[in-house]
Amino acid sequence: MRRAFGDTLLRLAEEDERVIFLTGDLGFGVFDKFIETFPNRYINVGVAEAQMVACAAGLAMEGWRPFVYSIASFMTGRAFEQIRIAIGYHNLPVVVVGAGGGYTYASSGVTHHAKEDIALMSLIPGMSLLVPGDPEEVTKLMPQLIASDRPSYIRIGRFGEPTFTSDSPIELGRGRLVRKGQAIALLTTGGIVINALEAADKLQSDGIFPTVCHFHTVRPFDDATFREALNDVDTVIVIEDHGIQGGLGMAVQLRLAGMDRRIEYLRLGPGDEMALGNPSQELLMQKYRYNAESIEQVCRDLSR
Amino acid sequence: MLLNTNEQRMPVDFPPIEDLELRARKVRATCFKLAADGGEGHVSSALSCADILVALYAGWLRVSPETYQDPMRDRFLISKGHGVTALYATLAERGYFDPEEMASYAQPNSMFPNHACRLMTPWVEISTGSLGIGLGMGTGMAYSIKMRGLDRRVVVLMSDGECNEGSVWESAAFACAQKQDQLVAIVDNNNSQAVGRTSDLLGPETTLESKFREFGWSSRAVNGHDFKELTDALNDLPFEEGKPSVIVAKTIGGKGTSFSEGQMFWHYRVPSPEDLENAFRELDAQPLYGCSP
């Protein structure tokens, strides 16, 4: 996804002279071509996230379309007030980019864990929230973010994530119904969609066909596709690389609470605790039951 | 009337000092009345920066009631958003709007809220109230100006208490690294914050002008209530090519009346009818609105 982001950014800058990129001293090697092509439209602000965001807001007021880039935890946590006031209050079209959300940087420790980035950004009214599932979604959604002309947050993963295929188009604000099954619906956001699809594949031999619905856009939430995903379904499982508060799980729970039929709700993802001990991402996915094996097991248990 | 950017920026021929002082007295009287009418108003912070604002809007800033939406205008950012009554009064005095409009100050949905808001007040460039954000936004504007090779300036008014914020120094470092000589910071150095003295809170060992200098800025301290020093400093900008400039204006909180000068409690105090009467008498000026002709 990081590569897709860098490549797409360069293409966007070539097509749109308003595109400008600010980094909090991160992204080694990813933006070399961009720096070479547009030296003045690449600004390394230094390790100064608050300044980066305020500066981007000033640029947006001058007509630019800035992207600000740092590790998700620092981007959303350190610069929260600048994002709220300089971008949100002024309603400026700045794209806030959080690299490595959730437990992407699990082994770097709690400082680098970003399982609250979506929650924090969801507190800013009107901010679009995007968690693409694969590099193709990053590529397709970035130009749509610029065109939307409003504040937005996009979380991007690291390098070399697998891709998945779906007939469902990649449109900002639209969920993607990747598989239509029955009884169980797996609702995902971010790269975790791959885990869900892998689990769904393995379940087929046992005659279990869960629906898989992927939300690269958490806000604005696509209620129509959400309702469609619930057809023939009595259990919803939200799978997300994010904490309990403020992510996809909470968006789904709010909607389930208002429905006239009872649908069981389960959530697989990080718990409400600091994950100490610098474990690997794989270990944490196992612990919090959102790797492919755990998803598969949960579906089997439910289908007995 | 559009601003002609090809026109060489010459030293500004300011009005006579007595005129500027009269304007400032009217502005201060208006600040008192706004605070009394609105029930809030940060009188001390508004009065300390009144002379700075009057000087800026006396022809030095390239903006006028006709050009306030012109993309080529100079940008004035009031980063100390709580001092905004002094800006309203200055703009009213300069004819940006009918002064009587200010009667709605601090009322719900007023065009004149008690912290600066771009969405409510068309002549206000940015929305502030949380300290330490305006300078960063100014650096973004200055970056754009330099990239486009424009002759425009960005002036950011900060309080000295604001310089407690670490984000100010992130912005200061950036402005230096980017050689932003079209960026001007003015610090209203009144040495009085909400509950403390800036000199105690930042430590007495170094001054704000030396702190900025260490951050690579060209720095000058002036008496912020002396129009000669203020206007000379403005006409000398930028102080050095290739460096951002800061004017550290030594001011007195609540400047203008015997009972408000240097008194910490005037940060929040709402003037009583008696205070108003005394203020107008000592200032020898009436507010710009709400007076029968």
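Residues numbered from 1 in each chain as written. Chains lettered and ligands numbered in written order. Predicted model: local features only at pLDDT ≥ 70, side-chain atom pairs only at ≥ 80, totals over all residues.

Asker: Quick question: what am I supposed to make of the interface of chain A and chain B here?
Answerer: Accessible area lost upon the coming together of the parts serves often as the stated size of an interface. Taken together, the 20 residues of chain A in the interface contact 18 residues of chain B. Sort the elements by how many residues they give to the side of chain A that touches chain B and helix α3 (residues 49-61) of chain A lands first, with nine residues. Grouping the amino acids of the side of chain A that touches chain B by side-chain chemistry returns 13 nonpolar, five polar and two charged. (Contact = placed C-beta atoms within 7 Å. Helix = DSSP H or I, 4+ residues; strand = E, 2+ residues; numbered from the N terminus. Nonpolar A, V, L, I, M, F, W, Y, C, P; charged D, E, K, R; others polar.)

Asker: I'm lost on the packing of helix α2 (residues 43-60) of chain B against helix α3 (residues 84-93) of chain B in this one. Help?
Answerer: Residues and elements named next belong to chain B. Packing of α2 against α3 leaves a shortest axis separation of 8 Å and a crossing angle of 35°. α2 and α3 meet at a crossing whose hand is right-handed. For the pair α2 and α3, contact is made by Ala46, Cys49, Ala50, Leu53, Val54 and Tyr57 and by Thr85, Ala86, Leu87 and Thr90, respectively. (Axes fitted to C-alpha atoms, helices over the stretch in contact; angles between N-to-C directions. Left-handed = near helix turned anticlockwise from the far one by under 90°.)

Asker: So what exactly am I meant to see when it comes to helix α7 (residues 135-148) of chain A here?
Answerer: In an α-helix, one turn spans 3.6 residues, which is why side chains three or four residues apart end up on the same side. Residue and element names in this part refer to chain A. Taking 1.5 Å of rise per residue, 14 residues should cover 20 Å, and α7 covers 20 Å from first to last C-alpha, within 8% of that figure. The sharpest bend along α7 comes to roughly 30°, located at Leu141, with the proline Pro143 sitting one to four residues further on. Taken as a whole, α7 has its buried residues at Pro135, Glu137, Val138, Leu141, Met142 and Leu145. In the stretch just after α7, Asp149 is the one whose phi turns positive, near 60°. (Expected span 1.5 Å × (residues − 1). Bend = angle between axes of the 7 residues up to and from the residue. Buried ≥ 20, exposed ≤ 12 C-beta atoms within 10 Å, placed from the backbone.)

Asker: Looking at this structure, how should I read the domain arrangement of chain A?
Answerer: Residue and element names in this part refer to chain A. Domain boundaries assigned for chain A yield domain 1 (2-156) and domain 2 (176-303). Computed over C-alpha atoms only, the centres of domain 1 and domain 2 are separated by 26 Å. Every contact between the two is made by 24 residues of domain 1 and, on the other side, 25 residues of domain 2. Elements with a contribution of two residues or more to the side of domain 1 that touches domain 2: α6 (117-122), β5 (128-130) and α7. Residues that form the side of domain 1 that touches domain 2 fall into these classes: 10 nonpolar, nine polar and five charged. (Domains from an automatic or database assignment.)

Asker: What is the right way to look at unusual backbone geometry in this model?
Answerer: For the bond from Arg219(A) to Pro220(A), the omega torsion is 0°, close enough to zero to count as cis. Residue Pro238(B) is reached from Leu237(B) by a cis peptide bond, and omega for that bond is -10°. Tracing the backbone through its elements, the reader meets Pro238(B) in the loop between α8 (227-235) and β5 (245-250). Phi angles above zero are rare outside glycine, and Ala183(A) is one such case at about 70°. A positive phi angle, near 65°, is found at Ala106(B), a position not held by glycine. Turning to its location among the elements, Ala106(B) is positioned in the loop between α3 and α4 (134-148). Of the residues examined, Ala106(B) has 18 C-beta atoms within 10 Å and is grouped as partly exposed.

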